Amino acid sequence: MSTIVSRLDITQIFCDVDDFCNQWENIWQQVPQLPSTTGERRSTSRMHLSEVMTIVIAFHGSGYKTFKEFYTMQVLSGWHQAFPNLVSYTRFVELMPWCLMLLCCFLHTRRGEITGISFIDSTPINVCHNCRAHSHKVFKGLVKWGKNSLGWHFGFKLHLIISDCGELLAFTLTPANVDDRKPVPDMTKDLIGKLFGDRGYISQKLFEELYERGLQLVTKSKKKMKNRLVKLIDKILLRKRAVIESVNDHLKNICQIEHSRHRSPFNFLVNLMAGLAAYTYLPKKPSIDIYPKNLPVLPPAIF
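Residues numbered from 1 in each chain as written. Predicted model: local features only at pLDDT ≥ 70, side-chain atom pairs only at ≥ 80, totals over all residues. Heavy atoms only, no water.

A. Up close: the overall build of the chain. From N to C terminus, the chain includes 10 helices and six strands. Per element, the accessible surface of the chain, about 17,600 Å² overall, is 54% carbon and sulfur. (Helix = DSSP H or I, 4+ residues; strand = E, 2+ residues; numbered from the N terminus. Areas by Shrake-Rupley, 256 points an atom, 1.4 Å probe, with all protein chains shown as cover.)

Dropping the structure here:
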């Protein structure tokens, strides 16, 4: 038995996932289905999808580096009482893509509360080392070359919007060469208040489009841009924008949403969705506290 202690409450995750799956099945049974072929045999796994979802989410808070190690050393050897219908590792890997749609839907139920203060950023998701990009085949036609302040990378780009409490508000996945500003309108449809981003989101057209919907885009100015008046609270929050970079660090180093061992695009998406879901269950998330506490020097008007 491994001595690695999970960062997540597995019981809470299973209860939430199982309740969600039961609600989804009740709705699904009420929707007309396509007629089956006469004599068709429908086989089902002895493991319920809620159990599969719970295990893949639990991996991202387990501390194990590979899912195979986690499943064989932790799940098969120590979780038989909690999951009496466990299957072999090979069979479980075959079941993982079947829970992708439910994972996506479940993740949307884990969105944080909109507070009026949100931060946006993107982070690269590499699918292989740059020197092997020419021979990479698993994601052929799906990934592109991209460049950021750290250099070139080959893969996807994950766009995130979080609240000041570190909760996920919106996310989307694009090839690495997509401009950071392109997915912003779709990601911010439900947001209000102020959205803080880096200089990569500077766009007058984008600012006006969001402002008409009640969302103000706030970014730092480039060196060649004219000086403009900025509220004190906006300057303070722009300096706190690094909180979303801490979230990206948690997602990659704790929840392990990025690795180069994928053998299927579907399993890659399951890994990504499960990692994001696991992040929402972390007991401590990167956050900021900008509200005054007995500070008469800072008038409440600026907040």
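There is more to say, and it comes next.
B. Structural detail: the layout of surface pockets. In this model, the second largest pocket occupies a volume close to 590 Å³. Elements that contribute at least two residues to the lining of the second largest pocket include exactly β1 (117–126), β2 (144–148), β3 (151–163) and α9 (242–253). For the lining of the second largest pocket, the residue count by class is five nonpolar, 10 polar and nine charged. (1 Å grid on protein atoms, 1.4 Å probe; cavity = no way out; pocket = protein on both sides within 12 Å on 5 of 7 lines; lining within 4 Å. Points joined across faces, edges and corners; volume = space filled by probe spheres on them. Nonpolar A, V, L, I, M, F, W, Y, C, P; charged D, E, K, R; others polar.)

C. Representation of the packing of helix α1 (residues 10–29) against helix α2 (residues 49–59) within the structure. Taken N-terminus to C-terminus, the directions of α1 and α2 make an angle of 145°; their axes are 9 Å apart at the nearest point. Considering the relative orientation of α1 and α2, their crossing is right-handed. Only Ser50, Glu51, Met53, Thr54, Ile57 and Ala58 of α2 make contact with α1, whose side of the interface consists of Ile10, Ile13, Phe14, Val17, Asp18 and Cys21. Broken down by class, the residue content of the contact of α1 with α2 amounts to eight nonpolar, two polar and two charged. (Axes fitted to C-alpha atoms, helices over the stretch in contact; angles between N-to-C directions. Left-handed = near helix turned anticlockwise from the far one by under 90°. Contact = heavy atoms within 4.5 Å.)

D. Summary view of the packing of aromatic side chains. Tallied over the entire structure, the rule returns 19 aromatic pairs. Arranged with centres 5.6 Å apart and planes meeting at 85°, the rings of Phe70 and Trp79 form a pair that is edge-to-face. Each member of the pair, Phe70 together with Trp79, is buried. For the ring pair Trp145 and Phe154, a centre distance of 5.2 Å and an interplane angle of 55° mean the geometry is tilted. Among the aromatic residues, those joined into a cluster by ring pairs are Phe14, Phe59, Tyr64, Phe67, Phe70, Tyr71, Trp79, Phe83, Tyr89 and Phe92. A cation over a ring is seen here: Arg110 above Tyr281, with NZ or CZ 3.8 Å from the ring centre. (Phe/Tyr/Trp six-rings, centres within 6.5 Å; stacked < 30°, edge-to-face > 60°. Buried < 20%, exposed > 50% of the residue type's maximum accessible area, 1.4 Å probe, protein only. Lys NZ or Arg CZ within 6 Å of the ring centre and 35° of its normal.)

E. Broad picture of the environment of Val230. On the secondary structure map, Val230 appears in the loop between β6 (215–219) and α8 (232–239). What makes Val230 partly exposed here is its relative accessible area of 27%. Separated by 12 residues in sequence, Val230 and Val218 place their C-alpha atoms 9.1 Å apart.

F. Up close: the state of the cysteines. A complete count under the given rule lists zero disulfides for this structure. We note that Cys104 lacks a disulfide partner, and the nearest cysteine sulfur, in Cys105, lies 6.7 Å from it. Unpaired in terms of disulfides, Cys128 finds its nearest cysteine sulfur in Cys131, a separation of 7.9 Å. Its relative accessible area of 8% is what places Cys128 among the buried residues. (Disulfide = S-S within 2.5 Å.)

G. Expanded view of α9. The end-to-end C-alpha separation of α9 is 16 Å, in line with the 16 Å expected for 12 residues at 1.5 Å each. Where α9 is concerned, the buried positions are Val243, Ile244, Val247, Asn248, His250, Leu251 and Lys252. Here the buried face of α9 lies against β1, β3 and α10 (265–280). (Expected span 1.5 Å × (residues − 1).)

H. Geometry of the confidence of the model for the chain. With 87% of its residues at a pLDDT of at least 70, the chain reaches an overall mean of 86. When mean pLDDT is taken per element in the chain, strand β4 (residues 168–175) scores highest with 95 and α8 scores lowest with 85. (pLDDT = per-residue confidence, 0-100.)

I. A look at the nonpolar core. In terms of nonpolar packing, the biggest core is built from 69 residues, with Ile55, Ile57 and Phe92 touching the most fellow members. At nine residues, the largest contribution of residues to this core is made by α10. Counting 13 residues, the second largest nonpolar core, distinct from the first, contains Ile120, Leu195, Leu206 and Leu215. (Core = buried A, V, L, I, M, F, W, Y, C linked by side-chain atoms within 4.5 Å.)

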